[in-house]
Structure formats: C-alpha cells, structure tokens
Amino acid sequence: MSQTADSLTFPTAMHSSGGNCGGGTAESGGAGPGASAGAKIRRWANSLLTSRDEFNHSNTDQRRYGANQEPEEWWKIHLFHGMANDLRRRAPYYWSDWRDAWDYRVVPSTVYMYFANILPALAFSLDMFTKTNMQYGVNEVLLASVLGAVVFAILACQPLVIVGVTGPITVFNYTVYDIMAPTGTNYLAFMTWIGLWSLVFHWILAVTNSCNWLRYVTRFPCDIFGFYVAFIYLQKGVQVLERFGDDSPFYLSVMVALLVFMIAYACGELGGGPLFRHPVRVFLKDYGTPLTVIFFTGFVHLGRMKTIELKRLPTSAAFFPTADRGWLVRFWDIDVGDVFIAIPFAVLLTILFYFDHNVSSLIAQGTEFPLRKPAGFHWDLFLLGLTTGIAGILGLPFPNGLIPQAPFHTESLCVTRVVADSEETNGEAKGHYVLRRTHVVEQRVSNLAQGLLTLGTMSGPLLVVLHLIPQAVLAGLFFIMGFQALEANGITAKLLFLLRDRALTPGGHPLNRIRRRAAVWAFVGVEVAAFAATFAITQTVAAVGFPVFILALIPVRAVVLPRVFTREELGVLDAPTASPFTMESVGGSYAMAEVTEGGSGCGSGSAVGPSGAEGRKSEEVLAEEGRGRAVEEDVGIEMSRLGVSRRGQASRSLAREES
C-alpha cells in the first residue's frame with residue numbers, strides 16, 4: 001500500500017474516541033461513545049473561545065492549568081489575545097517576507113495570479129452589472145481586488161491569501177438589490193452601511209478570539225461549500241447565454257462558450273499529463289486559459305462570424321465608477337431606519353466572510369504545502385473587517401479570500417525537485433521520476449504585484465481591450481471554473497468511487513478501508529443533501545441567509561455525525577483542512593489533539609497534532625530558523641487519498657495501482 005493510503009489511519013475530526021486501548025475508559029479521550037450529547041456540546045463550547053498561547057500552546061497549557069485541570073470556561077474571553085499572538089509570531093518574519101521575494105518563482109507566480117484573479121473578476125462584474133442595474137461594473141470589481149491585494153500583501157499575517165470578489169458575494173449583492181430596490185432605498189448607501197456594520201462585527205469577532213472555532217473546521221463543510229460554488233459558476237455561465245435569445249448570436253455564443261471550455265480544459269489536462277517537456281506543461285497549465293480567452297476574443301471576427309453582433313463586456317471610463325457618481329458614496333443620504341435595517345444583512349455578510357475567507361486561508365496553507373512561517377487568522381479577520389468597511393464607503397463589492405485562487409497562489413510558489421518514484425513496484429516502470437515540493441517561496445511581493453497590475457487594468461487602453469471580450473467567452477470561463485472546481489472536490493471523488501466498478505477499483509484505494517459501504521453512501525448523501533439545500537436557498541429571495549446554513553455545518557460535523565459514523569469511518573471520509581503548524585494560530589487542532597490523546601496510551605508515538613512536545617518543539621525551532629521539512633506528498637491529503645489532486649488531475653499513484 002502506498003504512503004498516501006497509510007496516512008489515512010489517523011482519524012481527523014470531532015468524533016468519539018471509542019476503541020481506545022489498554023482498557024482505558026471512554027471518558028479519558030473526552031468523547032467516548034457513551035457520553036451524552038449534552039456533555040459533548042458542553043465540552044465543545046468550553047473549548048471554542050478559550051484563547052491560548054498558540055506558539056507554545058501545549059507547554060503553556062500545562063503551566064496555566066496544571067496537568068489534570070480543565071481550561072477556563074468559554075465565557076472567560078481574553079480580549080485581543082489572539083490578535084496579539086498572531087502579530088508576535090509573525091512579526092519576526094516581516095522583513096524576510098520582502099527579502100525572500102528575490103526568487104525566480106515570484107515572477108511567473110505574479111503573472112499567473114494576475115490572470116487567475118482578473119478573469120473570474122470580469123465574469124462576476126458582468127453578472128453584477130446586469131443584476132444591480134449597473135451599480136457595480138468592471139472598475140468596481142477591479143478596484144475591490146486591488147484593495148484586498150494591497151492591504152493583505154502589506155499588513156496581513158497570511159500574505160499568500162488572494163483576496164478579491166467571489167461568487168457568493170455576487171449572489172449576496174444582487175439579492176440585497178432585489179430586496180431593497182422596490183423600497184426606493186439608495187442601494188449603494190445601504191450597502192455602505194452593511195459594510196460599516198460588518199466592519200464592527202468583524203472586529204468584535206477578531207478581538208474575542210472567535211477564530212478559535214476554526215479548529216473544528218474539516219473538509220466536510222469545505223467540500224459542501226466548494227460544491228456549491230462550483231454549481232454557482234455553472235449556473236452563471238448558463239444565465240449569460242440565456243440573455244442572447246434564440247437567434248444567430250445565441251447559437252454562435254453557445255459554440256464559442258463550449259469551445260472556450262473544451263480548449264481550456266485540454267490545456268489543463270496537457271499541463272498535468274505526461275506529454276511534452278516540463279516547461280511546456282507548466283506553460284499550458286498556467287497560461288492556457290488566458291491565452292484561450294485572448295484567442296476567442298479575436299476568433300469571433302473571422303469569416304462570416306464578424307457579421308454577427310455579439311454582446312461584449314461593458315466597461316466605463318478609466319478609473320471612474322460605472323454609474324455617474326464619485327468614488328465616495330453619500331452614505332449619509334439615507335433614512336435612519338434603513339441604517340438599522342442594514343444590521344441583519346451585515347450579520348449575514350459577516351458569517352459568510354468568516355467562513356469563506358478563513359476556509360480560503362486554511363486551504364491556501366493546506367497540509368500539502370511545506371510552509372515555514374506561522375499563520376495568523378485573528379489579525380487577518382481584523383483586516384478583513386477594515387477592507388469591508390472601506391469597500392462599502394467607496395461603493396465597491398466586498399472582497400474576501402478567493403477559492404481556488406488562494407491555494408493556486410501557494411501552489412505556484414512551490415519549489416520542487418525531481419526524485420525517483422518510490423511507488424514504482426514493477427520492473428517496466430523503473431526509471432520514472434516525480435516532482436516533490438521542497439519549500440514554498442513565502443513572501444508578499446507576488447500578491448502586491450498582481451494587485452498593482454490589476455490597478456493598471458483600469459487604465460483607458462486596457463479597458464478598451466477588455467471591452468472587446470464577448471460575453472460568450474466569459475460564459476465559457478464560468479463553465480471551466482465550475483468544472484475544475486467540481487473535479488477537484490472531495491464529494492466528486494467519493495461519488496466516482498461509489499459509481500466505479502468494484503472489480504476495477506484498486507485494492508489500495510483508501511475508501512476500501514471502510515467495511516460498511518453504506519457508510520460511504522450515507523456520508524456522501526449528507527453532503528449532497530446539504531449542498532442541495534444551500535443551492536435551493538440561493539434560488540429564492542432568502543439567498544442572503546445561506547451563510548447561516550453553511551456555518552451550521554460545523555456543529556453538525558462536530559456533534560451529530562460522530563453519533564452516526566464510527567471514528568475509523570470518519571477518519572477516512574473526512575480530513576483536517578490544514579496542518580497542526582498552521583492551526584497553532586487558533587490554539588491547535590481539536591481533531592488532532594483528540595486523535596493523539598486516543599493513541600498515546602497505545603504507544604503510537606505519533607507526533608501528529610498538538611501532543612508530543614518534543615516533536616512540536618522541533619517544528620517550531622525549524623520555523624524560527626527558516627528551515628522546514630519537505631513535504632513528500634505532491635497533492636493534498638484529502639484529494640490525493642481519494643485519487644484527485646488539488647487541480648482535479650487524476651492521481652498518478654492510483655492510476656498505476658489500477659493498471
């Protein structure tokens with residue numbers, strides 16, 4: 001069995017620690033199968049808001065509480081403690097974040113992220129332009145991306161996270177417009193007050209260490225949210241094509257959209273396949289999609305197609321808002337009652353950003369990336385509140401962390417080396433080599449540079465070029481983004497396993513470890529049902545409330561699912577979102593702590609998770625010295641073990657096992 005499959009023996013979520021060895025009681029793990037639901041909920045709540053010294057949390061907890069004492073109750077909040085710890089841990093690396101940018105990976109990463117960020121932003125700008133009566137357009141979306149890039153590149157504890165306009169916030173914006181426009185309320189002023197109230201709520205969450213909740217976030221809610229975002233992309237593509245009626249422009253637009261999708265997909269497949277040399281594959285993978293957009297922008301002018309008038313991307317004057325207004329929104333020009341009506345909308349926006357931004361930060365610092373510098377979720381949530389308030393005052397869509405651009409940014413900064421494939425087991429396959437990540441170029445320049453390039457896109461000449469892009473090309477862009485997001489999703493991987501012929505399924509496939517195949521069906525059924533409910537809500541006027549449903553998946557995973565599935569089943573079906581090193585900003589991973597406590601009595605000696613002070617100390621010393629261990633897995637834990645990589649490419653190891 002491959003090393004990837006072996007890594008599945010570690011359970012990874014908040015489930016009961018039944019099956020302990022040495023005759024220990026269930027209570028020793030804190031979540032025995034006999035424990036009541038109320039006790040589980042109390043233990044879960046007590047650990048949420050207790051802020052700890054994240055950098056040496058294990059040793060500090062021993063000194064603070066004693067070996068056998070419980071942490072303080074959840075309501076005893078140490079204000080600003082999480083933010084202070086984030087700044088203290090990250091500040092020593094600030095100047096190195098700029099010096100380390102002197103690396104060859106920074107330039108191609110900057111160019112790649114510029115296109116990866118701007119192309120979806122243009123597609124979203126078209127959607128909001130149409131559905132908000134031209135309140136938001138290209139310049140507003142571009143400036144929102146610039147705002148997020150500059151603030152987070154210079155000030156954030158996690159500068160690798162790409163911040164911009166996302167699909168969910170697009171849905172939020174035009175749903176608020178549909179609700180408030182009939183009342184005659186000044187829409188942009190109302191959105192400003194939503195941003196200002198949300199700023200206050202973000203800062204309250206940051207000050208009270210609310211990011212400690214992230215220790216309970218696993219792949220379960222992330223996969224459901226990613227599945228939802230993928231279908232939103234596909235839906236947007238169809239909606240763009242619906243606007244062309246049923247005449248020649250419609251049929252030409254459908255053809256162009258499908259060709260953009262097929263060629264962009266082919267470039268991605270070639271980039272991840274064995275054909276051509278490595279530089280060619282990297283070029284196709286990084287620049288295939290933007291080159292496809294450029295090509296089809298000119299393609300529609302060939303032959304008899306040039307006689308067909310296609311709708312194009314609407315633009316405005318350089319560096320000016322789309323509507324006839326100034327950049328400063330007259331947010332005081334609104335009824336006092338509307339100011340307070342904005343509060344519940346701001347609460348929903350805060351919930352959405354709390355989940356969406358933090359999940360993008362977790363995935364950008366996933367277990368597959370050999371990061372050396374610490375994370376800082378509390379401080380970055382504080383900055384997110386700041387950018388939300390500023391965006392509201394300027395009349396911009398609210399920016400937050402982007403999925404999948406954030407993990408793509410980290411991936412583009414990975415430095416790899418060629419090593420012999422240790423999984424080759426037959427003589428015919430000898431001599432094959434694979435790429436292994438050695439480290440990530442952790443710096444701030446690439447994020448800042450792509451933001452400044454985006455600002456340059458607001459200039460007159462480039463806006464003229466953007467205006468030439470047919471809307472059909474943007475529809476194809478929505479299709480490829482949605483398909484790639486679905487392909488790389490854990491729900492898709494599990495569905496493909498269930499639908500696969502058992503005789504053709506590799507014996508070492510991780511999901512084969514689960515004895516009850518019905519458990520896999522049940523887990524996937526829960527995920528699909530949660531996605532369907534979320535997607536259905538967003539098709540109604542209640543769409544602004546979908547963040548509450550997404551956030552509710554976290555306690556469902558923590559409290560309900562452990563009563564349905566065994567610890568071993570959840571250990572295979574689910575996974576932590578980020579490594580213990582990354583999770584130190586939020587006091588460590590509760591899941592990892594539970595796993596280690598359950599296995600310590602068995603003499604496992606595992607250094608995974610927040611136990612094993614010596615192992616953790618060595619990791620921190622390496623981080624302080626600027627040295628980190630190379631991660632020998634080429635793809636993420638959840639995706640690789642199910643046969644799908646982060647970008648949706650089939651896992652080569654599983655392909656070899658099948659052959």
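Since the structure is predicted, the reported quantities are computational estimates derived from the model, not experimental observations.

The next thing to look at is the packing of helix α10 (residues 219-242) against helix α19 (residues 490-499). In contact at an axis separation of 8 Å, α10 and α19 are set at 95° when each is read in the N-to-C sense. Put simply, α10 runs roughly perpendicular to α19. Along its contact with α10, which presents Asp223, Ile224 and Phe227, the element α19 presents Gly490, Ile491, Thr492 and Lys494. When its residues are assigned to classes, the contact of α10 with α19 shows three nonpolar, two polar and two charged.

Moving on: the pattern of salt bridges. For the coordinates displayed, the defined rule picks out 12 salt bridges. Notably, a salt bridge pairs arginine 90 with aspartate 97, separated by 3.2 Å at the nearest N-O pair. Residue arginine 90 shares its accessibility class with aspartate 97, and that shared class is buried. With a closest N to O distance of 2.6 Å, arginine 557 and aspartate 574 form a salt bridge. Within this pair, whereas arginine 557 is found in helix α21 (residues 546-560), its partner aspartate 574 is found in the loop between α22 (567-573) and α23 (580-583), the two being separated by 17 residues in sequence. In this pair, the class of arginine 557 matches that of aspartate 574, namely buried. One continuous salt-bridge network, built from bridges that share partners, spans Arg90, Asp97, Asp100, Lys373 and Arg444.

What follows deals with a nonpolar patch on the surface. Together, Leu270, Leu275, Phe276 and Val280 make up a nonpolar patch on the protein surface, roughly 340 Å² of accessible area in all. Locating leucine 270 in the fold gives a position in helix α11 (residues 248-272). What makes leucine 270 partly exposed here is its relative accessible area of 30%.

Conventions used here
- Residues numbered from 1 in each chain as written.
- Predicted model: local features only at pLDDT ≥ 70, side-chain atom pairs only at ≥ 80, totals over all residues.
- Heavy atoms only, no water.
- Axes fitted to C-alpha atoms, helices over the stretch in contact; angles between N-to-C directions.
- Helix = DSSP H or I, 4+ residues; strand = E, 2+ residues; numbered from the N terminus.
- Parallel < 35°, antiparallel > 145°, perpendicular 65-115°, else oblique.
- Contact = heavy atoms within 4.5 Å.
- Nonpolar A, V, L, I, M, F, W, Y, C, P; charged D, E, K, R; others polar.
- Salt bridge = Lys/Arg side-chain N within 4 Å of Asp/Glu carboxyl O.
- Buried < 20%, exposed > 50% of the residue type's maximum accessible area, 1.4 Å probe, protein only.
- Patch = residues over 30% accessible without salt bridge, like charges linked within 9 Å, V, L, I, M, F, W, Y side chains within 5 Å.
- Areas by Shrake-Rupley, 256 points an atom, 1.4 Å probe, with all protein chains shown as cover.

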